[in-house]
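Here's the letter readout for the chains.
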Amino acid sequence: MGEKSKIVVVGAGVAGLTTALLLSKRGHSVAVVAKHMPGDYDIEYASPWAGANYLPVSAPGTREAEWDRITFAELYRLTTQVPEAGIHFQDAIIYRREKDSRSVSANWFSELLKERPWFASIVPEFRRIPKSELPLDADFGVRWKSMCINPAIYLPYLLSQCLKQQVRFFRGTLTHICQAVDFHLTSSAPSSSSNIVVVNCTGLGSSTLGGVTDSRLTPARGQIVLVRNTAPAMIVASGTDDADDEVMYIMTRAAGGGTILGGTYQQGSWSSVPDKATAERIMKRAVKWCPELVGEGKGVEGLDVIRHGVGLRPLRVGGARVEKEVIGGVRVVHNYGAGGFGYQASYGMAEEAVRLIEESLKEEVKARL
Ligand SMILES: Cc1cc2nc3c(=O)[nH]c(=O)nc-3n(C[C@H](O)[C@H](O)[C@H](O)COP(=O)(O)OP(=O)(O)OC[C@H]3O[C@@H](n4cnc5c(N)ncnc54)[C@H](O)[C@@H]3O)c2cc1C
Ligand SMILES: *[C@@H]1O[C@H](CO)[C@@H](O)[C@H](O)[C@H]1NC(C)=O
């Protein structure tokens, strides 16, 4: 005892960075090692591709819903008090079409599409949209004040906040979770597995890390188009007439971040290449639901494209994994598998991971590296 506990976080997506930040603020000595860092755009790195907004989709009473509830408070604080985080308020408008009720998207959004979802009591200005104001073939709609995160600002912001807390960052690709222990060697205190916790925040990127493949992990592929046009609100429709696993959502990122047009929710698809026909459908639907994007009389040609992109949501069948275990004498805490809610649940998940890490440090572990 007496030795300072050391924590190595593997992964620098929103999960790894948030966990590292909370740990460092609680006085732990933290190192982050990752294959991809903020600034990178890669199919193995989900975080930069996200919208990202706060639209809870988890059923009431689940731990996911609790993570969303906890995270709302922190995102709200950041939006109102920390402009450099790159988050702004934007109304969310949700349209439901009864004909979508059996689609993949309606299933994914089922909580969101309720008349009174659990989060109606925590988000500001939740209200029903009068029938006379519903566009196109929408049968029902709600609206509230939500938040949109610009990941191009927010991820570097989190990293900066970590640096301020003396978190050290290393670029590295691990093939076994126990290699993470080596990343505390620059410190003078002897590194042994007895005072180290490794935090597994590897998303989907390393489904074979350490030879342990989590068979429940699968991508939910999201193709997006980022445009320079501005939308008056974040708009989501319950489905499309084009394909069961295609969706329609629009959100304008803070601080000149452009507008994300979505999208798809294709489970089991690993394709990293934006599909041209899909992109055309995405743009067409966006202009149809939100003509204000391009102005009166203009169609898809009025969109000014910045880039096409694909991200893989790290979906874990049966729920995200926030858990502790001991692997080869090393304490490991997992925080991965957030699917499409990695931002909106980030603080709730990271807080739970921190609790497990601190619990784990109190437990006796026989070192055998
Ligand atoms: C199109 C799209 C839209 C989305 N919209 C939203 C939204 O509006 N709201 C929301 O809350 N969420 C949204 N999401 C989901 C969100 O992006 C993810 O849940 C979240 O980014 C997952 O973060 P992560 O940190 O777990 O994983 P990642 O961001 O994928 O990070 C994984 C990290 O682990 C590292 N890593 C992996 N393997 C290794 C290894 N062997 N060695 C070293 N490092 C390794 C990677 O390099 C990377 O740093 C969206 C996702 C997509 C694709
Ligand atoms: C770490 O997380 C990945 C998911 O990215 C998972 O597949 C793997 O099994 C975990 N590693 C260990 C050693 O449990």
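These lines cover the structure that appears in this document, whether it is placed above or below. Along every chain, residues carry numbers that run from 1 in the direction the sequence is written. Written order decides the labels, with chains lettered from A and ligands numbered from 1. Selection of residues for local features in this predicted model requires a pLDDT of at least 70, selection of side-chain atom pairs for listing and counting requires 80 or more, and totals for whole chains, interfaces and linings are taken over all residues. Only hydrogens and water are set aside; all other atoms, that is, all heavy atoms of the structure, feed into the side-chain values.

Focus on the sheet that holds strand S14 (residues 321–327)
Working step 1: With mixed pairing, the six strands of this open sheet are ordered in space as S6-S2-S1-S7-S15-S14. The open sheet has two edge strands with one neighbour each: strand S6 (168–171) and S14. Recorded for the sheet is a direction-independent mean angle of 20° between the axes of neighbouring strands.
Working step 2: Where strand S7 (residues 196–200) meets strand S15 (residues 330–336), four bridges bridge the pair, whose relative direction is parallel. Paired with asparagine 200 across the bridge in S15 is histidine 334. Two strands qualify as a pair provided DSSP detects at least 2 bridges between them. Numbering goes from the N terminus for both helices and strands, where a helix is a DSSP run of H or I of at least four residues and a strand is a run of E of at least two. Lines fitted to C-alpha atoms define the axes, with helix axes restricted to the stretch in contact, and inter-axis angles between N-to-C directions lie between 0 and 180 degrees.

Here's the deal with the side chain of threonine 252
Working step 1: Counting through the fold element by element, threonine 252 comes out in strand S10 (residues 246–252).
Working step 2: For threonine 252, a relative accessible area of 9% corresponds to the buried category.
Working step 3: A distance of 2.7 Å separates a polar atom in the side chain of threonine 252 from a polar atom in the side chain of threonine 259.
Working step 4: What makes two residues a contact is simply this: any of their non-hydrogen atoms within 4.5 Å. Excluding residues that lie within four positions of it along the chain, threonine 252 makes contacts with His88, Gln90, Cys148, Thr230, Ala231, Gly258 and Thr259. Burial status follows relative accessibility: with a 1.4 Å probe on protein chains alone, a residue under 20% of its type maximum counts as buried, one over 50% as exposed, and anything between as partly exposed. A 3.5 Å cut-off defines polar contacts: any pair of N or O atoms within that distance qualifies, except that in protein one atom must be a possible hydrogen donor and the other a possible acceptor, and neighbouring residues in sequence count only when both atoms are side-chain atoms.

Section: the site of ligand 1
Working step 1: Here a residue is near a molecule or strand as soon as one of its heavy atoms is found within 4 Å of it. Around ligand 1 sit 41 residues in total, of which His36, Ser47, Asn53, Gly339 and Gln344 are the nearest.
Working step 2: A distance of 2.5 Å separates an oxygen atom of ligand 1 from a polar atom in the side chain of serine 47.
Working step 3: For ligand 1, a nitrogen atom lies 2.9 Å from a polar atom in the backbone of leucine 174.
Working step 4: Top contributing element to the shell around ligand 1 by residue count: strand S13 (residues 305–316), with four residues.
Working step 5: In this classification, Asp, Glu, Lys and Arg are treated as charged, Ala, Val, Leu, Ile, Met, Phe, Trp, Tyr, Cys and Pro as nonpolar, and every other residue, Gly included, as polar. By residue class, the composition of the shell around ligand 1 is 20 nonpolar, 18 polar and three charged.
Working step 6: How far each domain reaches was decided by an automatic or database domain assignment. In this structure, the shell around ligand 1 is formed jointly by two domains, domain 1 (6–48 + 153–216 + 318–361) and domain 2 (89–146 + 218–316), each of which donates at least three residues.

Quick notes on the pattern of salt bridges
Working step 1: Just to be clear on terms, a salt bridge is a Lys or Arg side-chain nitrogen sitting within 4 Å of an Asp or Glu carboxyl oxygen. Applying the stated rule across the entire model yields 29 salt bridges.
Working step 2: Notably, a salt bridge pairs lysine 324 with glutamate 363, separated by 2.9 Å at the nearest N-O pair. You can see lysine 324 sitting in strand S14 and its partner glutamate 363 sitting in the segment after helix H6 (346–362), a full 39 residues away along the chain.
Working step 3: Three or more residues joined by partner-sharing salt bridges are found here, namely Arg97, Lys99, Asp100, Asp137 and Asp241.

Here we look at helix H5 (residues 276–289)
An α-helical turn contains 3.6 residues, so a residue and the one three or four places further along point in the same direction.
Working step 1: Between its first and last C-alpha, H5 extends 20 Å over 14 residues, near the 20 Å set by a 1.5 Å rise per residue.
Working step 2: Within H5, the full set of buried residues consists of Thr278, Ala279, Ile282, Met283, Arg285, Ala286, Val287 and Trp289.
Working step 3: For H5, the elements touching its buried residues are strand S3 (87–96), strand S8 (217–227), strand S9 (234–237), S10, strand S11 (259–264) and S13. Multiplying 1.5 Å by the residue count of a helix minus one yields the expected span of that helix.

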